[in-house]
Every structure is written in structure tokens, then in C-alpha cells.
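Now for the letters of each chain:
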Amino acid sequence: MQKKHLLFWRNFPNKWLVYWFMIFAVATLIAMLISRHWGYQWLYEWKTLITTQNQEIPLETFEKGLLQVDFLVPSYFQQYLYVATDLKIPFWASQVWWIVISLAISLLGASISFFNRTYFLLSATLMIIFIITLQIHLLGIFGIYAKWLWSGIWIVLIVGANYYFHAFGQKYSFLQRFGINLILWLLLDLLIFLFAKESNPTLYLSSYGIVLPAIVAVSTIFLVASEIPYLVASLTATQPKKLGFHLFIVLYLTNLLLLYLRNSKQYNTNFLLIDDFYILAISQIAGFWGVRYNPLFQTIVPERMRIWVYLAMVIITNITLFYFNTTANEDAIAASEDFITYSHAGFAVALWVYVTFNLQKINFQEANQNFSQIFYGNQEAKPIPWYLTRGLGFLLMGLLIYKENAIALNQAIAAYFSGVGDLYLESPRETEHLLANDSYETALSRDPVSHRLWLAKASIIGKKENLSEEQTEKRVKALKQALLRDPQAFTYAIIAQEYIDKNQIPQAIAYYLQGVQKFPQNAFLYNNLGVMYSLENKIDSAYFYLKKAQNYTKNPLEIQTNVLGLLARKPFLPQDTLGKISPQNDATFNSNLFATFNAYQKMANFPFNVSFARKNLDDTTLLNKNQAIYLYNFLSANAQDTNALHVINRLLNSNQNISLNDFLLQAKLNHFYKKNHHQQAVEASRFLAYISASDYQYNLVKHLLRLGQPWQAVQAVEKLQKNEFASQSKSEINYLWAVALSEDKNLEECVGLWQLVALDSLKPQRKKIAETMFKIHYAEKNKWQEYSDSVRYGMIYYRNDLDNQLKMQMAESIQNETLKAKAFAETANLLLKEGKIAEADNFLQKIPNNLSISPNAQSELIWVKMKVAFYKNDLSTLKNLVENYKLNALYEPYQKFFRGVLAEKNQPDNAYKLYQEAIWGNPFEIMFYPNIIALSNELDKNPQGKAYDWAVQATRFNELHPLAWKLYFEQCLKAEFWEYAQEALSKIESLAPQDFPRYKTMLTEKKR
């Protein structure tokens, strides 16, 4: 192509404006192609919803005799669920459409004023129709809704101005005419955007006024349908055989045939396929040089206006198709695809015939004419003239449309009513939703299986508040209809969400499964499917689909957060997995990470990120859900960081978060429990039980059992059993009650409860335990040799009617090594309680060495050996035991206490700290208090200071233990608190009457 033909506009008087509009046309073309791929994402949104789930996990599992107790606490984890929204029209698309249309119509208006009278009147008529179809009166400009006022004004102004230019204003240049048209349309734009009373006024314009731009778009499609074959013909004209042209036409028609098969659902692949809209884009670009030679175009449009009219038509076409894509108007898109395919196929065949019969023998190199003159010129000499070729093209296109039962035409009509329905769908007035429904029904009469229309009908129902069961079923039915043709991933998600709302998780899973089969690379569906399986506690399936989601997601951190949620629910991966996971700059991810550490019963030593929970450490404003869960999980997983604890304490002391007090206290309990600081933990347990006995008394019972206070546990569980609002089942309460009574050595009362446990419990292990406890209760002591090891051990541990000598025999006879070690430990401890230290020591010497026993049994055995060494004052043995063995959490306070005993002589300050930590570990253990009170008196030299405080605490946690009151009494004497000493004396009189005279004498003498 010669330069003068390639840059044919370079000598135009307004070539800068040509360049500008060419760039603008290309921009609209690019926008059209982008919307082709991304339009659905602008209409159908996926919103991220953070869901919160909780379950009880064991903070600790401890043994008491034969019985195991799980101290269960709530664990919270969050998961991202991707929620597909209902149909939501992007208003901005209508605004873009209207602004570009205003500009293109201004260009077209200026151009038609140069037409001859006939074509001007036809064009002016179309302009009038366009203004009328805009229904400007519906916008309520200045609150005026007069039907013909605004349309009449703009018809007079715009058509009148162009008629004046056409009839009387020939002196006015194109630029002046374009400027006047643009000013008039911009004035209308100004009135619409600033003074229209209706919200989203451009949606009215695009919904009603789309008809004429759509007709222009179809006309442009037909106009450029022959441009690609024409361009190829011109490029291959110098080839003697023109094989290149024939080969191209074959490939071109093959592509169009495949497009036809794809669009008609007979062939479902995009492999090596050039899309309809890309073919149109190429045709438009080719038409920029070729259309001006088209005889039909030359007949209507004056030569100097051809480039302007063509640019206006291209801009209108592209922006209209852009609007259809952006609003996902499937009927308009499908009709456009059909018109592109049919027209291009029809004209390709016609042009193939035309070139084959008319141009085969022409030598273009010898001809003294350019290609367009040879192609369109001298029609009389051609066997098949151009007008017959054009007719053949339209005939073939018509036959294709007829063959498909005019589906394209029906879809075009459905597209209009779909757009009108969209207008009223987005109205805030519920009465207008009826108009939307009517429009969609009319559209469905033309295209009864349109995905978009059924989804729109479902969206109308979804806008209603408090849907009835019947309305919900109607909505789901409409959504299922939407799946019949061109289903989208979000449609499956919306149906699944309806079932989720009704807590019908299996049905939701079924639709997510259908979705991933149809869209195997959709991360949203895979993720949601994983979350649903986690709700069903099918962890393997959940993990599988979340891993699939990770392969396709653009938000890997969110999917990883959900995987952590699975691990927080059930720690199924190896423990070293945790070491490979680092905190991220995301509160939800970190919150799940801490929940996972809790599930693995591990400590997390990551720093507290204040910004995830608070503005600063002293902020006491209301917590939101995400902040609260981050705080809870962090405090539960980290026993070292004091900042989170400071925040919790500040919040508990404020009035802003009173409704969260129990939640915050539970976090504090978890923190101190994991820290083995049971003084604070049991205080929190008691306070929680006070706040809500029905929810928290259950764990208080377990806590008291753990700290060796069975009689308090029995009292607490009896209150729980009487509470008809208790959140636990009767079988759970009965089991705990039986455990508490058994630990209190009250087999007579608990045997009936064990019978209930055996009958009611669905857990086989509990039934087995219940049967063993029966045997222990009813076992005859003179036939103890006949019983199993577990029954013998149970008789030693739970039976008070057996003397220690018999228990020693039974312990020695047990064959199970773990039970043997536990039996020796329990028997020796009973001897210590009777003050038989030497006998206990001698008995422990009989236990065989190198027993293969459980860690818990070893801790129990070493604990008793430490006590024996302590009571014997055998510091060498005590040191050896303390330094060479590590006791489990249940006995760790004793190990700290004994370390303090060893350190007291040379390191009194360190000893005090160890005594203090021992008491924190178990404030009910009375043996810890004498040493710390004596050491406090020595270090503090103030009998009213720390020593007195420890004495008070001894009575608070051991109210019925005479030693506690004796310690308190002695400290009161040192502090000269005579009234308090008298109160302590009265307690001693009731708890240890044999010692009362001696302590009374001490008080009398001290007062002297």
C-alpha cells in the first residue's frame, strides 16, 4: 500500500482532530475487548467474608488414678469464605457509555449536515427517534417530569441546528458544526448530572436509549463484514494464482464455522480460535482504509465526511458492545456474536465467489489502477457484479439466521427488555421491582434459558427482606434455571449460599462440587468447598480442596489462613510443621496460627502485634470480632508476652467491653493455665462460674480436680447438676460428677453415677472405665489376687476401707509396669499422710529398677520420692531427684518448691521466687506455705508484710485445713493483730480441737 493511501487523511483540513478521534476510536476498541474478558467481574462480585468458628480443644489432659480428665476450652479460628453477590449493575458503565455516545453523536450530527437532502432527512429522523427513545422526561430534570418537554427542546436544538447548517449555513466549517453539536450535548449532560432528580440518571438513558446505538452497531458489523477478505485480496492481488487468498479464506471460514459451532453449543473449545469480537476489531481497523471505497457507503456519505461518519460509527459500536459486556447482557452479547459470525461468514463466501470469478485473470501489475478501482470499478464487465455479491452476502447471512430460528433477533429483543429490567432492578423503590420482573418476563419469552435473566429474577427476590420459605424456594428455582445455559461460577456459589443460610451444608457441598467440575480453575469455589467440608468435620476433603485453591488463587495468604483453620480444628500434620510457619502482617492469619499452636498444645513465642487488636496498649474502646479473636488466641498461645495481658486487664477494668468480660476472662484463664500459674487461672475459673454457672461451672469442677480439691469439685458439680440451663449434656455432667466423687474416695455415692455413665455414654472408653469402677467398688478385699491389675490399682487408689499393709502387698503383685509404678507412688503417699516416712521410704526401695512406664507414672513416682527425701531432710537425694528428672505440669510446682528448699540456704531470694512460683502453680497445696512464710519473715523483717499476705492466702485457699489457720494465727501474733489471731484461734478450735489449748496459751502469753 502506498504512503498516500496509508495516510490518506494527512491533507485533511482538521487532521489533528482526525488523529484525536482515531486514538479515541482505538481506545473504545481496546475497552470493548477488555470488557469482553473482564465484564463479568464488574457485574458479579466476589466478596470476602471472614467466618468465625469455635470448638473445644484440650488445654491439658491430666490423670487422676485410673481416670483421665480433659480440660477443654473454646478455641476460635477464622476462615475466609468467598461470597458471590447478586446481580449488581455497574452504574459507572452507563455513565461512560453516555459520555462517549454524546461525543460520537456530536460527531455524527455535524457529519449529516453535509449529506444531500434525502439522506439528511433520513439521518435527522433517526436522530429524533434516538432523542425520543432516551426518555429524558423520566430523569426529572429540575423535578420536571413533563413527557415531551425535554425531548422536544433537544430535538429542536440539535436537529434544528443541523438543519440550519444543512440548509442555510454552508459557510460553517465542519469544526464549527461539530463544536455547536458538542456544546448542545454537553449542556444536556450538565443538566442530567447536576439537576436530575432520579438517582443514576444515565442508567435510564442507557436502558431506554440503547436501541439506536445498537442498530448503528449492527450496521457497522454488516458494513465491515467484508473488510478482512477485501484487505487480504488487496495484499495477494499480485500473485498469479492467488493461492494465498484462497488459503486464507478457507482458514477464515473454518474459524467462523468453529465460532458458529461454539456459539450454538455444538463445539466447546477455544483452542486456536479467534474470538468474534477480535474479528470485529480487525474488521474495523481494516475498514478504516477500505470502507471509504465501499459503493454503498460512497452513495450515502459525501467523500469528505466518510472518515468522520466511519469513526463515529466505530465509536458507537465499540462503546455499545462495551456496555453490553460490562453489564453482562448475555442476550445482547450472544446476538452480537451471531451477527458478527453470520455476516462475516456470508460476506466471506460472497467475496470468495466475487474474487474467483471476477479477478482471477486480471494482471494487477500491468493495470494502471489501484486495487480498489479494479475491485469495485467496471461492474458491467464483471461476470458477477458487486451488487449481486452484496446481495449474496446478505442472503447467506439471512439463511444462517433463519436456520437458527431467528434466535439472534429474539435475543436482540430480549437484550432490550433485559436492560430495562436492570434499570428497575437497581431502583430503591420496591414497587419498581415489579416493573423489573415484568421486563425480565418479557425478555424470557424471547430467550427462556438465558442465564442472566434467571439470575436477575433471583436477584429481585433476594432484595426482599425476611424471605419466606416459599420465596426462598422460588429464588433457588430461578437460580437453578440459570444453570441451564452458560452457567457461571458465581451462580453455583449463590445457590450453595442459599443452602448454607438454611444450614443444609451437604446440599451446599453438592453445588460447589458441580461448580468445580464446570470451572476446574476457580479458586473461590475450591476454597468454599474446603470450608464446607471443614464444617462437616471432613478434614481430609477440606485439606484437599484448599490445596487445590492454592494452585489458582490470587490471594494465597487467605487460603493459607483457611488451612491453618483446619489445623486449629484438627492437628493432622506433624508437629514440626508449625516451625515452618511464620507470622504474617495479617491479623486473621496470625490469629489462626496461634489457634493452631493451641490445638497442638504448643507455646507460640511470637511478639504481640498491638495494631491487630488496639490503637495502643491503653486503648479500651469497643473490640470488634477480629480484634477480640486475635487477642484471645494470642493470650492463649503465648505465656511470656505481657503486653497482651496488659491489654486484657485494661479492657476488663473498663466499661466499654462488659459484654465481652467472660470471653476476655477465658483468654486470661487459658494464658495462666498454660503458664502453669493456677492461682490466677483458678481465680478466673471461679469468676467465670460466678458470671455464668451454666457455661463455666463445668470447667471449674475440672480445675478443682486438677489442683487436688475433690471435695470442692463435688460441691461445684452438684450445683451444675441442679442447673437446668447447663450447656453440657446430662451424660457429660454425670461422668464428671462420678469422677469427682471417685477422686473424693466416695465410692458408695458414685457407683450409681458410674452405672448411668455405662448406660448413657456413647464413648466406649468411658463405658469400659465405668465397668472397671464397678468392679473396684464391689471387689472383695480377701479375694484381691483374683482381680486384674487395673482393679487392684483402683482398689489401692479409691478404697479407704483397705489398710496400707494390704495395699503394699497389692502394689507389689501388679504386673503392668506403669500401674505398678503408680500403685507404689500412691501407697507411699498414703504412708506419708500417716507420717510413716521411714516405712514409705523402705517401701519405695522395693520397686524394681528400669521399669518401662509412662511419663505421667514416672512423674508421679518421682514426686513421691521427692516428698520422702524432703520429709527425711535428705537434701542429697532430693537434689539428685530434682536435677535429674523433669516432672509433668501437674507436679511441676512441687519440683519448683523442692528447688527452693535446696536454694534457700545460699540463695534466699531465688528460693523465695521458686516458692512463689510453686504456690502460683498450685495455691491449694498447704505444704508450700510454711517455707515461704518463714522465708518472707526472714527477708522482709516485717511481720505485717509479705509473710502476712501469704498466711492470708493460705487460709483463703485452704479454709478447712488446720495448718493454714495455725500459720495464719502465728503470723497474726508476730504482727500483733490480736483480733485476727482470735478469729484464727476459733477456727483452730473447730478444725483441730486437740491443739486448741496450746494455741490459746500462745495468744495469752503473747498479749502479756
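Here the structure is a predicted model, which means the values were calculated and not measured.

Visitor: Residue-level account of the overall build of the protein chain, with values.
Guide: The helix and strand tally for the protein chain stands at 48 helices and 2 strands. Taking 1008 residues into account, the globule formula puts the C-alpha radius of gyration at 30 Å, and the protein chain, at 44 Å, lies well above it. The dimensions of the protein chain, computed from C-alpha atoms along their principal axes, are 140 × 60 × 55 Å. The proportion of buried residues among the 1008 residues of the protein chain is 55%. Residue pairs in contact within the protein chain that sit at least 24 positions apart in sequence constitute 67% of those at least 6 positions apart. Positive and negative side-chain charges of the protein chain, numbering 94 and 83 respectively, have mean locations separated by a distance of 8 Å.

Visitor: Talk me through the pairing of strand β2 (residues 67-84); I want residue IDs and the actual numbers.
Guide: Where burial is concerned, most of β2 is hidden: 14 out of the 18 residues are buried. Count of turn residues in the strand β1 (residues 46-64)/β2 antiparallel hairpin: 2 residues, of which Gly65 carries a positive phi of about 65°.

Visitor: Explain the pattern of salt bridges to me, and be specific about the residues and the numbers.
Guide: Side chains that carry opposite charge are capable of pairing whenever their charged atoms lie near each other. With the rule as written, the count across this model stands at 29 salt bridges. Notably, a salt bridge pairs Glu441 with Lys457, separated by 2.6 Å at the nearest N-O pair. Note that Glu441 is positioned in helix α18 (residues 430-446) and Lys457 in helix α19 (residues 451-462), a separation of 16 residues in sequence. Residue classification places Lys457 among the buried positions, given a relative accessible area of 10%. One salt bridge connects Glu892 with Lys896, and the closest N-O pair in it is separated by 3.8 Å. Remark: Lys896 and Glu892 occur in helix α42 (residues 892-903); sequence separation between them is 4 residues, near one turn of the helix. Residue class for Lys896 comes out partly exposed when judged on its relative accessible area of 22%. Each of Arg36, Arg262, Asp275, Asp276 and Glu337 takes part in a single network of salt bridges with overlapping partners.

Visitor: Outline the domain arrangement of the protein chain, supporting the account with residue identities and numerical values.
Guide: Each domain of the protein chain was delimited in the assignment, giving domain 1 (46-54 + 65-84 + 487-590), domain 2 (88-207) and domain 3 (904-1007). Between the C-alpha centres of domain 2 and domain 3 the distance comes to 97 Å.

What counts as what
Residues numbered from 1 in each chain as written. Predicted model: local features only at pLDDT ≥ 70, side-chain atom pairs only at ≥ 80, totals over all residues. Heavy atoms only, no water. Helix = DSSP H or I, 4+ residues; strand = E, 2+ residues; numbered from the N terminus. Rg over C-alpha atoms; globule rule 2.2 N^0.38 Å. Buried < 20%, exposed > 50% of the residue type's maximum accessible area, 1.4 Å probe, protein only. Contact = heavy atoms within 4.5 Å. Lys, Arg positive; Asp, Glu negative; His and termini not counted. Charge placed at Lys NZ, Arg CZ, Asp CG, Glu CD. Pairing = 2+ DSSP bridges. Salt bridge = Lys/Arg side-chain N within 4 Å of Asp/Glu carboxyl O. Domains from an automatic or database assignment.

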